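# Tertiary structure, described
Given next are the chains, with one letter for each unit.
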Amino acid sequence: MVDATTQAALEAQVVYWRALLYADFVGDTLRATSGLYDKTVSSSDTELNGTYESYSHNVIEVGAVQHNENGSDTLSISMSGLIVNNAAFLAIIGDKTKWQGRAARLWFYCTDSSETQIGSIIAYYTGFMNDITISGDADSQR
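Let me begin by describing the structure that accompanies this report. (Residues numbered from 1 in each chain as written. Predicted model: local features only at pLDDT ≥ 70, side-chain atom pairs only at ≥ 80, totals over all residues. Heavy atoms only, no water.)

## Digging into the overall build of the chain
Looking only at helices and strands, one finds three helices and twelve strands in the chain. Restricting to contacts in the chain with at least 6 residues of sequence separation, those with at least 24 account for 54%. In the structure as shown, the chain presents an accessible area of about 8400 Å², 48% of it carried by carbon and sulfur atoms. (Helix = DSSP H or I, 4+ residues; strand = E, 2+ residues; numbered from the N terminus. Contact = heavy atoms within 4.5 Å. Areas by Shrake-Rupley, 256 points an atom, 1.4 Å probe, with all protein chains shown as cover.)

Structure follows, in structure tokens:
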């Protein structure tokens, strides 16, 4: 359930929303936000707690969350090579035992035009990582 402040922000003529991404990689948990600034969260949800690095809207793309009577469909999350372009993280991605079947979660929150959070952080997707691909070239990797 969404609190009244968040609901009002979602019903505004212009909606500013930011995503929080948690991906449980062995040895290197990824926390990223589409917000303009890094965001530190402290809550009763231990997976939500932590600092989310800002990569802005054009670096993280989240597909549409879709549900049916059997549960949720596959959700695609695309990240720019700017996030994962280091040897240690690429080695983790290259070893399926470090991520396959591990949790990935998404939350969102609304902001005003000054990037101040309005209302609560809302959980909207939890799943398990099952496939990672690296595509592109040296100039444009995803």
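## Considering the sheet that holds strand E2 (residues 30–33)
In spatial order, the strands read E3-E4-E2-E1-E9-E10; together these six strands make up an open sheet with mixed pairing. Each of the sheet's edge strands pairs with one partner strand only, and the pair in question is strand E3 (39–41) and strand E10 (117–128). Averaged over all pairs of adjacent strands, the angle between strand axes in this sheet comes to 25 degrees, irrespective of strand direction. Bridge analysis of strand E9 (residues 103–111) against E10 gives eight bridges, and the strand direction is antiparallel. Following the sheet pairing, Cys110 is matched in E10 by Ile118. (Pairing = 2+ DSSP bridges. Axes fitted to C-alpha atoms, helices over the stretch in contact; angles between N-to-C directions.)

## Structural notes on the pattern of salt bridges
In the structure shown here, the tally under the stated rule is four salt bridges. In this structure, Asp24 engages Arg102 in a salt bridge whose closest nitrogen and oxygen atoms are separated by 2.9 Å. Here the residue Asp24 occupies a position in the loop between strand E1 (16–23) and E2, and Arg102 occupies one in the loop between helix H3 (87–93) and E9, the gap between them amounting to 78 residues. Note on Arg102: relative accessible area 28%, which makes it partly exposed. Salt bridges sharing common partners tie together Asp45, Glu47 and Arg105. (Salt bridge = Lys/Arg side-chain N within 4 Å of Asp/Glu carboxyl O. Buried < 20%, exposed > 50% of the residue type's maximum accessible area, 1.4 Å probe, protein only.)

## As for the layout of surface pockets
When its volume is computed, the largest pocket comes out at roughly 710 Å³. For the largest pocket, the lining is made up of 27 residues, of which Leu75, Ser76, Ile77, Asp131 and Ile132 are closest to its centre. Every element with two or more residues in the lining of the largest pocket is listed here: E1, strand E8 (77–79), E9 and E10. Considering only residue class, the lining of the largest pocket consists of 16 nonpolar, seven polar and four charged. (1 Å grid on protein atoms, 1.4 Å probe; cavity = no way out; pocket = protein on both sides within 12 Å on 5 of 7 lines; lining within 4 Å. Points joined across faces, edges and corners; volume = space filled by probe spheres on them. Nonpolar A, V, L, I, M, F, W, Y, C, P; charged D, E, K, R; others polar.)

## Structural notes on unusual backbone geometry
Residues other than glycine seldom take positive phi values, yet Glu115 does so here, at roughly 75 degrees. You can see Glu115 is positioned in the loop between E9 and E10.

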